[in-house]
Structures are given as C-alpha cells and as structure tokens.
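Each chain, written out:
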Amino acid sequence: MEFYIKKCKIKIEFSFILVLSFATLLDVDSLVKLLLFSGVHELAHLLTLILCGGSADSLTFSFYGLALKYSSPLSRIKEFFVILSGPAVNLILYLILKDDINLILFCLNILPVYPLDGGRILNLYSYRISNAVSKVFLVLIIILSFYMIIEYKSFSMLLIAVYLTAYSIMY
C-alpha cells in the first residue's frame, strides 16, 4: 500500500502487516516495542531532517522495520546530525526507560556497516574506508551470528547478518 503525505511517499509493505498480525496473535510484547522504538528512531531522523531544512522522500514500513529516505542536499554536519539523531534517541530512551530493546537498537545502528547509521556516518567522510570497515564488521557479525546459533540457539543475529549481507551485495 502506498500513499502520500505532502510530497513524502508512505509505503507499507505486506511483510510489515504480517509481522504486526503475528505480534498481535502471539501477544509478542517485545516485537511491538521493537516496532514502536524503531518508529521513534525514524521519527528522530525525520524531525532532525526537517530542522536542518530538508524534507523526506519516503517512509517505508517493512519486515525489517521502518526506513526513511531523503535526497535533500545537506551540509556534511547537518547530514551527520540527521543520521546521529536516530541512535541518540534510542540511547536516551534506554537511559530513561532502562529498556533493553532501545539499547539493542542503539548498538545495532551505530555499527559501522552500511546502511546502518554508523556506516552512513563513516560513509560521509570516506567511501573507501567505509566500504572496507563495513566488510570487516559484516564478517564479524556473520561469525557472531553462528556463535549465537551454537551457544544460545538464537537465530536473530543471523537474520540481521543475512539482511546486511544482501543489502551490501545489492548496493
């Protein structure tokens, strides 16, 4: 489903509705919190973008959460603050609410892997360094995901690793 609010395209993918449906049926409180705090994360990006004189092109709701896209030309420092605002709000919410989901969102998003916020910040200053660091951290995330499977029978890190690997191959 797609619609526009002013010039910003809002896209809600079927996978997002599927995740919400399962969360509701299974009463998965942590998934609802994850989606809520991911929304607050993207809202922080959006508000900072607007404060810096930019405008959003699209906001997509999908299986992987929410993603804000914009093409507004910003100075490097304004771009830095727009990118940093998402993880910053998760860190602030963690310190106030002591909710581990915000800490996980903060830690995940500051990783220097493109398209995560940490990778985007690094990319602002050097594409070559960003690309190399991103590949190293991607390998480390893949290794960590296999450790998590073996040690804790948890596949969540593998899903993140697959998504980031697929994204890096496509772009």
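Residues numbered from 1 in each chain as written. Predicted model: local features only at pLDDT ≥ 70, side-chain atom pairs only at ≥ 80, totals over all residues. Heavy atoms only, no water.

Caption draft 1: Spotlight on a nonpolar patch on the surface. The grouping of Met-1, Phe-3, Ile-5, Phe-14, Ile-17 and Leu-18 at the surface amounts to a nonpolar patch, some 610 Å² of accessible area in total. At the level of secondary structure, the elements contributing two or more residues to the nonpolar patch comprise strand 1 (2–5) and helix 1 (14–26). The dominant element in the nonpolar patch, judged by the number of residues it contributes, is helix 1, at three residues. Considering the arrangement of structural elements, one finds Ile-5 in strand 1. By relative accessible area, which is 51% here, Ile-5 ends up exposed. (Patch = residues over 30% accessible without salt bridge, like charges linked within 9 Å, V, L, I, M, F, W, Y side chains within 5 Å. Areas by Shrake-Rupley, 256 points an atom, 1.4 Å probe, with all protein chains shown as cover. Salt bridge = Lys/Arg side-chain N within 4 Å of Asp/Glu carboxyl O. Helix = DSSP H or I, 4+ residues; strand = E, 2+ residues; numbered from the N terminus. Buried < 20%, exposed > 50% of the residue type's maximum accessible area, 1.4 Å probe, protein only.)

Caption draft 2: Examining helix 2 (residues 29–51) more closely. Taking 1.5 Å of rise per residue, 23 residues should cover 33 Å, and helix 2 covers 33 Å from first to last C-alpha, within 8% of that figure. Looking at helix 2, one finds that the buried residues are Leu-35, Phe-37, Ser-38, His-41, Glu-42, Ala-44, His-45, Thr-48 and Leu-49. Two residues or fewer past helix 2, Gly-53 is found with a positive phi of approximately 90 degrees. (Expected span 1.5 Å × (residues − 1).)

Caption draft 3: Highlighting the packing of helix 5 (residues 117–125) against helix 6 (residues 127–152). Orientation of helix 5 relative to helix 6, taken along the N-to-C sense of each, is 150 degrees, at an axis distance of 6 Å. For the element pair helix 5 / helix 6, the angle class is roughly antiparallel. When helix 5 is examined against helix 6, the residues Gly-119, Leu-122, Asn-123 and Tyr-125 are found in contact with a partner set consisting of Tyr-127, Ile-129, Ser-130 and Val-133. When the residues that make up the contact of helix 5 with helix 6 are grouped by side-chain class, the tally is five nonpolar, three polar and no charged. (Axes fitted to C-alpha atoms, helices over the stretch in contact; angles between N-to-C directions. Parallel < 35°, antiparallel > 145°, perpendicular 65-115°, else oblique. Contact = heavy atoms within 4.5 Å. Nonpolar A, V, L, I, M, F, W, Y, C, P; charged D, E, K, R; others polar.)

Caption draft 4: Up close: helix 5. For helix 5, the full list of buried residues reads Asp-117, Gly-118, Gly-119, Arg-120, Ile-121 and Leu-124. Where the residues of helix 5 are buried, they touch helix 2, helix 3 (76–97), helix 4 (100–109) and helix 6.

Caption draft 5: Examining the pairing of strand 2 (residues 8–12) more closely. Of the two faces of strand 2, only the one carrying Cys-8, Ile-10 and Ile-12 is buried; Lys-9 and Lys-11 on the other face are not. Inspection of the sheet shows strand 1 paired to strand 2 by four bridges, in the antiparallel sense. Within strand 2, the position partnered with Phe-3 by the bridge is Ile-10. Between the antiparallel neighbours strand 1 and strand 2 lie two residues, among them Lys-6 with a positive phi of about 55 degrees. Judged from the four bridges that link them, strand 2 and strand 3 (residues 58–62) form a sheet pairing that is parallel. Bridged to Lys-9 within strand 3 is Ser-58. (Pairing = 2+ DSSP bridges.)

Caption draft 6: Structural view of the side chain of Ser-85. Note on placement: Ser-85 falls in helix 3. Residue Ser-85 is classed as buried on the basis of its relative accessible area, which comes to 11%.

Caption draft 7: Inspection of the nonpolar core at higher detail. Ranked by size, the top nonpolar core spans 19 residues in total, and within it Leu-49, Phe-61, Tyr-70, Leu-74 and Val-82 carry the most contacts. For this core, the secondary-structure elements that each account for two or more residues are strand 2, helix 1, helix 2, strand 3, strand 4 (65–69), helix 3 and helix 5. By residue number, the principal contributor to this core is strand 2, which donates three residues. Those residues within four positions of Val-82 in sequence are excluded, and the remaining contacts are His-45, Thr-48, Leu-49, Cys-52, Tyr-70 and Leu-74. Among the nonpolar cores identified, the runner-up in size contains seven residues, and Leu-116, Met-157, Ala-161 and Leu-164 belong to it. (Core = buried A, V, L, I, M, F, W, Y, C linked by side-chain atoms within 4.5 Å.)

Caption draft 8: Focus on the pattern of salt bridges. What the rule picks out here adds up to four salt bridges. We note a salt bridge from Glu-13 to Lys-11, for which the minimum N-O separation is 3.9 Å. The network of salt bridges with shared partners includes Glu-79, Asp-117 and Arg-120.

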